[in-house]
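Given next are the chains, with one letter for each unit.
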Amino acid sequence: MMIMCHRKLETDVDRIEKREFVAELSEVFAETSMVVVTRNAGMTVADVTSLRRKMRAAGASFKVAKNRLALLALEGTRFDGIAPLMKGPTALAWSKDPVAVAKAAIDFAKTNDKFVLVGGALGSQLLDVAGVKALSELPSLDELRAKILGLLNAPATKVAGVLQAPAGQLARVFAAYADSQKSEAA
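Computed from a predicted model, the values in this text were never measured in an experiment.

Peer 1: Tell me about the environment of Lys63, residues and numbers included.
Peer 2: Relative to the elements of secondary structure, Lys63 occurs in strand β2 (residues 61-64). Exposure remark for Lys63: the relative accessible area of 25% places this residue in the partly exposed category. Along the sequence, Lys63 and Val48 sit 15 residues apart, while their C-alpha atoms lie 9.4 Å from each other. Residue contacts for Lys63: discarding those within four places in its chain leaves Phe21, Glu24, Arg52, Ala91, Leu92 and Trp94. A polar contact is formed between the side chain of Lys63 and the side chain of Glu24, at a distance of 3.1 Å.

Right, dumping it as structure tokens:
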């Protein structure tokens, strides 16, 4: 009798954990801009830990998910197009910065042959492996922000230089005139 009660308790806990996982993943899909689907069969714990660290450093997240639960979380989101990619031992990587997650995934795939990219989605746009690679070659959001700031800052610097030049020239003219007046008086 005690064994049946214990099994029922385990099943209830498992269901609650699964519901929480699906809810958490649904929230991720609502907030993120890019999801990359990968296969990670044969990766060691050390490999996965290293990958998670690299993803975290890039501002991305990585999670191994049961396909059935991930498919439930995908329903009704803009990423539901990746559902056909969810076959076999898959894992998901995501980030608000689409270039960051693509770069991190591509870079890790270059160093670990057991980590294979399957595809991904940028919003509702489905991407194949070539699309993810092309995205990884773009500058990241931080790099783009720095370039835009540089472009915005450059005209201000040029305007300040142009405005200072006439004043400097006027000051030199007045100084030369004052010098010429002194030399004539002497």
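Picking up where we left off.
Peer 1: Describe the packing of aromatic side chains, with residues and values.
Peer 2: For any two aromatic rings, the description comes down to two numbers: the centre-to-centre distance and the angle of the planes. Using the criterion set out here, one finds 3 aromatic pairs in the structure. With a centroid separation of 5.9 Å and an interplanar angle of 45 degrees, the aromatic rings of Phe29 and Phe79 are classed as tilted. With a gap of 50 residues between them, Phe29 in helix α1 (residues 2-31) and Phe79 in the loop between α3 (67-74) and β3 (90-95) connect regions that are remote in the sequence. For Phe79, a relative accessible area of 0% puts it in the buried group. Through a chain of ring-to-ring contacts, three or more aromatic side chains come together here, namely Phe62, Phe108 and Phe115.

Peer 1: I'd love a proper account of the sheet that holds strand β4 (residues 116-122), names of residues and values included.
Peer 2: Strand order in the open sheet formed by 5 strands is β2-β3-β1-β4-β5, with antiparallel pairing between adjacent strands. At either end of the open sheet lies a strand with only one pairing partner, and these are β2 and β5 (125-127). Strand after strand, the sheet turns through a mean of 20 degrees between neighbouring axes, direction not considered. As defined by bridge partners, β2 adjoins β3 across 4 bridges and the pair is classed as antiparallel. The residue bridging Phe62 from the neighbouring strand is Ala93, located in β3. Along the sheet, helix α2 (residues 45-57) contacts β2 and β3; its crossing angle with β2, the most-contacted strand, is approximately 150 degrees. In this fold helix α5 (residues 129-136) packs onto β1 (34-39), β4 and β5, with an angle of close to 75 degrees to the strand it touches most, β4.

Quick notes on the rules
Numbering of residues begins from 1 in every chain and follows the order in which that chain's sequence is written. Only residues with pLDDT of at least 70 are given local features in this predicted model, and only at 80 or more are side-chain atom pairs given and counted; all residues enter the totals for whole chains, interfaces and linings. Side-chain metrics in this entry use all non-hydrogen atoms of the structure; hydrogen atoms and water are not considered. A run of H or I in DSSP becomes a helix once it reaches four residues, and a run of E becomes a strand once it reaches two; helices and strands are each numbered from the N terminus. For the exposure calls, accessible area comes from a 1.4 Å probe over protein chains only, and a residue counts as buried if that area is under 20% of its type's maximum, exposed if over 50%, partly exposed in between. By definition, residues are in contact when any of their heavy atoms lie within 4.5 Å. Pairing of N or O atoms within 3.5 Å defines a polar contact, subject to two protein rules: one partner must be a possible hydrogen donor and the other a possible acceptor, and residues neighboring in sequence count only if both atoms are side-chain atoms. By convention, a stacked pair of Phe, Tyr or Trp rings (six-membered ring in the case of Trp) has centres within 6.5 Å and planes under 30 degrees apart, an edge-to-face pair has planes over 60 apart, and any other such pair is tilted. Pairs of strands are assigned from DSSP output, requiring at least two bridges between the strands. Helix axes use the C-alpha atoms of the stretch in contact, all axes being lines fitted to C-alpha atoms, and the angles between their N-to-C directions lie in the range 0 to 180 degrees.

Honestly, that's just the spatial picture; any functional story needs more than this.
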